[in-house]
Number of protein chains: 2
Amino acid sequence: MEKVNVAIVGATGAVGTKILEKLVERNFPSKSIKLLASKRSAGSKIEAGGQIYIVEETTPESFDNIQIAFFSAGGTISERFVHEAVERGAVVVDNTSAFRMIDSIPLVVPEVNSHMLIDDAKIIANPNCSTIQLVTALQPLRQKYGLKRIVVSTYQAVSGAGSAAINELRQQSGQFENRSAIKAEILPTSSAQQHYPISFNAIPQIDTFHSSGYTLEELKMMNETKKIFADDRLSVVATCVRVPVVTGHSESVYIELETDGVTVNDIQTLLMQAPGVVLQDNPSKQLYPMPLFAEGKNDVFVGRIRKDPEVSYGFHLWIVSDNLQKGAALNSVQIAEHIVNGKQ
Amino acid sequence: MEKVNVAIVGATGAVGTKILEKLVERNFPSKSIKLLASKRSAGSKIEAGGQIYIVEETTPESFDNIQIAFFSAGGTISERFVHEAVERGAVVVDNTSAFRMIDSIPLVVPEVNSHMLIDDAKIIANPNCSTIQLVTALQPLRQKYGLKRIVVSTYQAVSGAGSAAINELRQQSGQFENRSAIKAEILPTSSAQQHYPISFNAIPQIDTFHSSGYTLEELKMMNETKKIFADDRLSVVATCVRVPVVTGHSESVYIELETDGVTVNDIQTLLMQAPGVVLQDNPSKQLYPMPLFAEGKNDVFVGRIRKDPEVSYGFHLWIVSDNLQKGAALNSVQIAEHIVNGKQ
């Protein structure tokens, strides 16, 4: 395998640090790894795999002689630097929403649509964290039985909103007394007019609101899922909620299959063999996925599979995954592995 | 109004103490209030409305000369003492699941079916907390437009599992480091084989499992909702999840109406006038219900009302209420008020 020069933009962030860890852990064929961030973070040191990396400021010239560039520093930075990186010959794996819904840009979860990683793609978009675990878990069902409908309610961790949101949860968690007076500055989104405590609370707003009444996070899940499954007729609707969990998104999912007569056992059997999926579904042993135990793991965990009592082709599932791993860093690195392998 | 002698069984519990508070706060027409609990709690003192009450041990004779008895000490205690109370002439408002699904026993949310409080009812069942807020919010929609389907995912507070669960969350919440080693002894249920931390976690198990794969909590919501709405054809399905919230249950709810062409604005207008319901639905002002701000309030808060993008008679709502107030104590006292008023 040809070795490549790699850059990580947003290297000091919650996802950026995980991308570096994944590259080391998976022996990614890198000649060099360059860590890029804002001017403010330049000079700081990050350790991974026994090696010290020094963070540099992101400039257009940072991408000279880079073959693979990971972007995870927010939409504004991606809009500013992704084309600079591409012009200098890099293939970009972008973890923001900046390019996801552009028709010509592949939106990829390797377990689902690695065939979209065509040779001349210069920008590949990494989907939203809550979308990735949903499509990874549902892909085997969609392939075998067809999927006509998804209704999902999320229980999303604060790390999806970055390191500052983790600190906010940490600071608030000690304040058990006078909970409604807890100070909040970050969530639901740092740009919001109002901030609400996340500790001992559930905030039904992630990202900002669209005029339809849905949040952008909900629309991302709805639109990205259709794009990844390449199915415009699929009905997808989401309610996205932030909960006081550090890492690990959970999803309560209702699906309708195109095939009648499928059993819970059929679904369990299928998911047991599915790539990237771990079945945790044994009520008698209280075995079901939970975010606290998914943290740090690569897999998408599925359990609580139940037949709908009235709709014979309807099923309910509980899907949990580490939003920083498969939901972000791991999926980005998997995409890069496909690209590098394709270039062999 | 004729004044009555009142007893509260389970008076030292999370709900029992709230029932006492509600009786005082609402000037319930009581001649006397007797607080009953286990032998262990006998002799302890509880203050409400400037008066000190001394807790007594529950015995069959405790109910002599009692006209209204509230039970909130678990199903076993209700099974043991409810009939003793009734034999001695009391009307029982039972807040356990012991009698809820018995055909001859009214299961009442006053905003929905106070007509079930017929004169000769000796036991009235108070529904499950997560059911009460659901039916209170949906009743106006059902009356005006008809309801054919409810799919609900809950975000339930630990106080629904009693005071010990609140203490467990409190103890765990300081332990931000090494979260997966947090000690757990109460949740998901004290009788469970396995206990899991609730802090920084979401546990998709409330109560024990039924052979169908649904938990008893989920089946309660499904069966009780049909009974309260007196509609066997209604499709109701629930996924019940415990989250690290002290008090206040949240519900992500998908409904299908029997009427087509209804708008979000129609629903908002209807809920604005609905008894026991407060509409909090203004995305541009980030106004939506949250459990932290519902704590201690009497109302059922509804927001995030959205039209389903594909089903013209489908809507999504976010419903929040204090599980100890409308979800338990308030609803019980409202039932008792109807009974006492009916006896005038």
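This is a predicted model, so every value here is computed, not measured. (Residues numbered from 1 in each chain as written. Chains lettered and ligands numbered in written order. Predicted model: local features only at pLDDT ≥ 70, side-chain atom pairs only at ≥ 80, totals over all residues. Heavy atoms only, no water.)

### Notes on the interface of chain B and chain A
Taken together, the 69 residues of chain B in the interface contact 69 residues of chain A. If you look at where chain B meets chain A, you find ten salt bridges. Between B:Asp308 and A:Arg149 there is a salt bridge, with its nearest N and O atoms 3.7 Å apart. Scanning the region where chain B abuts chain A turns up 34 residue pairs in polar contact (both at pLDDT 80 or more). For the side of chain B that touches chain A, the secondary structure elements donating two or more residues are strand E9 (147–155), helix H5 (163–173), helix H6 (216–228), strand E10 (235–239), strand E11 (249–257), helix H8 (291–294), strand E13 (300–307) and strand E14 (314–321) of chain B. (Contact = heavy atoms within 4.5 Å. Salt bridge = Lys/Arg side-chain N within 4 Å of Asp/Glu carboxyl O. Polar contact = N/O pair within 3.5 Å; in protein donor to acceptor, adjacent residues only side chain to side chain. Helix = DSSP H or I, 4+ residues; strand = E, 2+ residues; numbered from the N terminus.)

### Some thoughts on the pairing of strand E3 (residues 45–48) of chain A
Residue and element names in this part refer to chain A. Every second residue of E3 is oriented toward a common face, the buried set being Ile 46 and Ala 48 and the non-buried set Lys 45 and Glu 47. Here E3 pairs with strand E4 (residues 51–54) via four bridges, running antiparallel. Across the sheet, residue Ala 48 finds its bridge partner in E4, namely Gln 51. In this antiparallel pair of consecutive strands, E3 and E4, the connection spans two residues, and Gly 49 shows a positive phi of 60°. (Buried < 20%, exposed > 50% of the residue type's maximum accessible area, 1.4 Å probe, protein only. Pairing = 2+ DSSP bridges.)

### A look at the packing of aromatic side chains
Inspection of the entire model under this criterion finds 15 aromatic pairs over all chains. Clustering of aromatic rings is evident, with ring pairs tying together A:Tyr155, A:Trp318, B:Tyr155 and B:Trp318. Above the plane of the ring of A:Tyr313 lies A:Lys148, whose end atom (NZ or CZ) is 4.2 Å from the centre. (Phe/Tyr/Trp six-rings, centres within 6.5 Å; stacked < 30°, edge-to-face > 60°. Lys NZ or Arg CZ within 6 Å of the ring centre and 35° of its normal.)

### Here's the deal with the sheet that holds strand E13 (residues 300–307) of chain A
All names here are of chain A. Taking strand neighbours across the sheet as the criterion, the six strands line up as E10-E9-E11-E14-E13-E12 in an open arrangement whose pairing is mixed. In this open sheet, the two strands that pair with only one neighbour each are strand E10 (235–239) and strand E12 (277–279). When the angles between neighbouring strand axes are averaged without regard to direction, this sheet yields 25°. Relative to strand E14 (residues 314–321), strand E11 (residues 249–257) runs antiparallel, the two sharing eight bridges. Residue pairing across strands places Glu 251 opposite Ile 319, the latter belonging to E14. In this fold helix H6 (residues 216–228) packs onto strand E9 (147–155), E10 and E11, with an angle of close to 155° to the strand it touches most, E10. (Axes fitted to C-alpha atoms, helices over the stretch in contact; angles between N-to-C directions.)

### Focus: the relation of the copies chain B and chain A
Of the transformation superimposing chain B on chain A, the axial component is 0.0 Å and the angular component is 180°, with the fit at an RMSD of 0.0 Å. Here the copies are linked by what is in effect a two-fold axis. Counting the interface residues of chain B, we find that 100% of their copies in chain A are interface residues as well, pointing to one common contact surface. (Least-squares fit on C-alpha atoms with pLDDT ≥ 70 in both.)

### Let's talk about the sheet that holds strand E2 (residues 30–37) of chain A
Sheet strands pair via backbone hydrogen bonds, and the direction of the pair is either parallel or antiparallel. All names here are of chain A. Strand order in the open sheet formed by six strands is E5-E2-E1-E6-E7-E8, and the pairing between neighbours is parallel. Pairing within the sheet leaves two strands with one partner each, and these edge strands are strand E5 (56–57) and strand E8 (123–125). For E2 and E5, the ladder comprises two bridges, and the chain directions are parallel. For Ala 37, the partnering residue across the bridge sits in E5 and is Glu 57. Its contacts with the sheet place helix H1 (residues 14–25) against strand E1 (4–9), E2 and strand E6 (68–71), and it is angled at close to 155° to E1. Across the sheet, helix H9 (residues 325–342) touches E1, E6, strand E7 (91–94) and E8, and the angle it forms with E6 is around 165°.

### Comments concerning the nonpolar core
Judged by nonpolar contacts, the single largest core of 119 residues is most densely connected at A:Leu138, A:Ile150, A:Ile255, B:Ile150 and B:Ile255. Dropping the residues within four chain positions of it, A:Ile255 is found in contact with A:Leu138, A:Leu141, A:Leu147, A:Arg149, A:Ile150, A:Tyr313, A:Gly314, A:Phe315 and A:Leu317. (Core = buried A, V, L, I, M, F, W, Y, C linked by side-chain atoms within 4.5 Å.)

### Looking at the pairing of E9(B)
All names here are of chain B. Burial analysis of E9 places eight of its nine residues in the buried class, the great majority of the element. The sheet contact formed by E9 and E11 spans eight bridges and is antiparallel. Considered in E11, the bridge of Tyr 155 is made with Ser 250.

### Some thoughts on empty space enclosed by the protein
A complete count under the given rule lists two cavities of 30 Å³ or more for this structure. Estimated volume of the largest cavity: approximately 120 Å³. Every residue lining the largest cavity is counted, 18 residues in all, and those nearest its centre are A:Val151, A:Ser153, B:Val151, B:Ser153 and B:Ser252. Counting only elements with at least two residues in the lining of the largest cavity, the list comes to E9, E10 and E11 of chain A together with E9 and E11 of chain B. (1 Å grid on protein atoms, 1.4 Å probe; cavity = no way out; pocket = protein on both sides within 12 Å on 5 of 7 lines; lining within 4 Å. Points joined across faces, edges and corners; volume = space filled by probe spheres on them.)

### Quick word on helix H2 (residues 75–87) of chain A
All names here are of chain A. In this model, H2 (13 residues) spans 19 Å end to end at C-alpha, consistent with the 18 Å of a helix rising 1.5 Å per residue. The largest bend in H2 comes to about 35°, at Phe 81. Regarding H2, the residues found buried are Ser 78, Phe 81, Val 82, Ala 85 and Val 86. The secondary structure elements touched by the buried residues of H2 are E6, E7 and E8. Positioned one or two residues after H2, Gly 89 has a phi angle of 100°, which is positive. (Expected span 1.5 Å × (residues − 1). Bend = angle between axes of the 7 residues up to and from the residue.)

### A few points about the side chain of B:Lys326
Residues and elements named next belong to chain B. Mapped onto the elements of the fold, Lys 326 is located in helix H9 (residues 325–342). Owing to a relative accessible area of 2%, Lys 326 belongs among the buried residues under this scheme. Within polar-contact distance, the side chain of Lys 326 engages the side chain of Glu 111 at 2.7 Å. In terms of polar contacts, Lys 326 uses its side chain to reach the side chain of Gln 334, at 2.5 Å. In this structure, Lys 326 is in contact with Val 109, Pro 110, Glu 111, Ile 132, Thr 136, Asn 298, Val 300, Ser 321, Asn 331 and Gln 334, ignoring residues within four places of it in sequence.

### Notes on the pattern of salt bridges
Residues and elements named next belong to chain B. Tallying each qualifying case throughout the model produces 30 salt bridges over all chains. A salt bridge links Arg 26 to Glu 337; the nearest nitrogen and oxygen atoms lie 2.9 Å apart. One end of the pair, Arg 26, is in the loop between helix H1 (14–25) and strand E2 (30–37); the other, Glu 337, is in helix H9, with 311 residues separating them in the sequence. On the accessibility criterion, Arg 26 (30% relative accessible area) is partly exposed. A relative accessible area of 18% means that Glu 337 is categorised as buried. For Arg 100, the salt bridge identified is with Glu 224, shortest N-O distance 3.0 Å. You can see Arg 100 sitting in the loop between strand E7 (91–94) and helix H3 (110–113) and its partner Glu 224 sitting in helix H6, a full 124 residues away along the chain.

### Some points on H1(A)
Residues and elements named next belong to chain A. Taking 1.5 Å as the rise per residue, H1 with twelve residues should run 16 Å; its terminal C-alpha atoms sit 17 Å apart, in good agreement. Within the span of H1, buried status applies to Ala 14, Val 15, Gly 16, Ile 19, Leu 20, Lys 22 and Leu 23. Downstream of H1 by one or two residues, Asn 27 has phi in the positive range, about 50°.

### So, the confidence of the model for chain A
Averaged over every residue, the pLDDT of chain A is 96; residues scoring 70 or more account for 99%. For this predicted complex, the interface score ipTM comes out at 0.96, while the overall pTM is 0.97. (pLDDT = per-residue confidence, 0-100.)

### Quick look at the state of the cysteines
On inspection of all chains with the given rule, the structure shows zero disulfides over all chains. Of all cysteine sulfurs in the structure, the one in A:Cys129 sits closest to A:Cys240, which takes part in no disulfide; the separation is 9.0 Å. (Disulfide = S-S within 2.5 Å.)

### Concerning the environment of B:Ala328
Tracing the backbone through its elements, the reader meets B:Ala328 in helix H9. Distance from B:Ala328 to B:Cys129, taken between C-alpha atoms, is 5.8 Å for residues 199 residues apart in sequence.

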